[in-house]
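# Overview (structure and organization)
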Amino acid sequence: MLWEWLNDGTQVYILDLDGTLMPSAAIDNECFWQAVFGCFDKRGQLPDLLDFKHVTDSGILHEWCVRELGRSPRRQEITQIKQHFGQLLESAFLLQPGHFSPLPGVREWLEAVHNSEHVYTGIATGGWEHSARLKLKLSGLDQYDLPLASSDDAVARTEIMQIAAQRILHSHTGDKAMFTYVGDGSWDLEASRELNWEFIGIASGARAEQLRLAGASLIRKNFCKP
């Protein structure tokens, strides 16, 4: 369905970032927790993202702080973590830039959307805006200037997705739109169901199997034409 567009009616594809547009999910998670643990001088294994109610940077940090510290994170702590997180991502790029290379077919698909009528796209990421824009810059995908919503806008992924939809359609009102979320996590599928949106999984291996078990009916390895 990524390439099977309808002939009429507005279609909106809202994209996750890490693991969907680029294979950055693992390194992003590692850098995030390194920044969090560094701020609070903690050690230990990386927590399982499925243990959190909201799998977004803001939601994870808040819930982790309540569990581990008995309080919400302070503003200066959030600022420190964000800054360190960005530095760690840049260092990771210098060592292994492939983490931030667009998945096969991403550029071609974005070009096709740009040249199509009534088909629009943008990003709804569970990450913070500054790190999302950094990864788009590192990948070269910032050239597409896609509308973006992040966990700086809301804690819940469903709300982030709705904000992204509003920003995408800001100058394209009047048509009834069909919304599709493109993501790689079971939390992406769950959020799509809550909003009654279509869902396309971008995953392979264990992650693809996890989506299948969660009930995803359409899973692709990348954005290439079948």
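Residues numbered from 1 in each chain as written. Predicted model: local features only at pLDDT ≥ 70, side-chain atom pairs only at ≥ 80, totals over all residues. Heavy atoms only, no water.

## Quick word on the packing of helix H1 (residues 25-40) against helix H2 (residues 57-69)
Between H1 and H2, the least distance of the axes is 12 Å, while the angle of their chain directions is 35 degrees. Taken as a pair, H1 and H2 cross one another with a handedness that is right-handed. The residues of H2 that touch H1, namely those facing Phe32, Trp33, Val36, Phe37 and Phe40, are Asp57, Ile60, Leu61, Trp64, Cys65 and Leu69. Its residues assigned to classes, the contact of H1 with H2 shows ten nonpolar, no polar and one charged. (Axes fitted to C-alpha atoms, helices over the stretch in contact; angles between N-to-C directions. Helix = DSSP H or I, 4+ residues; strand = E, 2+ residues; numbered from the N terminus. Left-handed = near helix turned anticlockwise from the far one by under 90°. Contact = heavy atoms within 4.5 Å. Nonpolar A, V, L, I, M, F, W, Y, C, P; charged D, E, K, R; others polar.)

## Let's talk about unusual backbone geometry
Negative phi values dominate among residues other than glycine, just as trans dominates among peptide bonds. Within the chain, aspartate 145 stands out as a residue other than glycine whose phi angle is a positive 50 degrees. Following the sequence through the fold, aspartate 145 ends up in the loop between helix H5 (129-139) and strand E3 (148-149). The backbone of asparagine 196 shows a phi angle near 65 degrees, a positive value even though the residue is not glycine.

## Examining the side chain of threonine 180
By the secondary structure assignment, threonine 180 is in strand E4 (residues 177-183). Accessibility expressed as a relative area gives 1% for threonine 180, which makes it buried. Leaving out residues up to four positions away in the same chain, threonine 180 has contacts with Val12, Tyr13, Ile14, Glu198, Phe199 and Ile200. (Buried < 20%, exposed > 50% of the residue type's maximum accessible area, 1.4 Å probe, protein only.)

## Let's talk about the nonpolar core
In terms of nonpolar packing, the biggest core is built from 48 residues, with Trp33, Val36 and Phe223 touching the most fellow members. Listing elements by their share of this core, those giving two or more residues are strand E1 (10-15), H1, H2, helix H3 (75-95), helix H4 (106-114), strand E2 (119-124), H5 and strand E5 (198-202). The dominant element in this core, judged by the number of residues it contributes, is H1, at nine residues. Sequence-distant contacts of phenylalanine 223, defined by excluding residues within four places in its chain, comprise Leu2, Trp3, Leu15, Thr20, Leu21, Pro104, Gly105, Val106, Trp109, Val182 and Ile202. (Core = buried A, V, L, I, M, F, W, Y, C linked by side-chain atoms within 4.5 Å.)

## A word on the packing of aromatic side chains
According to the stated counting rule, one finds 13 aromatic pairs in the structure shown. When the centroid spacing of 5.6 Å and the interplanar angle of 85 degrees are considered together, the rings of tyrosine 13 and tryptophan 109 count as edge-to-face. Of this pair, tyrosine 13 sits in strand E1 while tryptophan 109 sits in helix H4, and the two are 96 residues apart along the sequence. Judged on exposure class, the residue tyrosine 13 and its partner tryptophan 109 are both buried. On the numbers, 5.6 Å between centres and 45 degrees between planes, the contact of tryptophan 33 with phenylalanine 37 is tilted. Of this pair, tryptophan 33 and phenylalanine 37 both sit in helix H1, four residues apart, which is roughly one turn of that helix. Judged on exposure class, the residue tryptophan 33 and its partner phenylalanine 37 are both buried. Connected via pairs of aromatic rings, a cluster forms that spans Phe32, Trp33, Phe37, Phe40, Phe52, Trp64, Phe85 and Trp128. (Phe/Tyr/Trp six-rings, centres within 6.5 Å; stacked < 30°, edge-to-face > 60°.)

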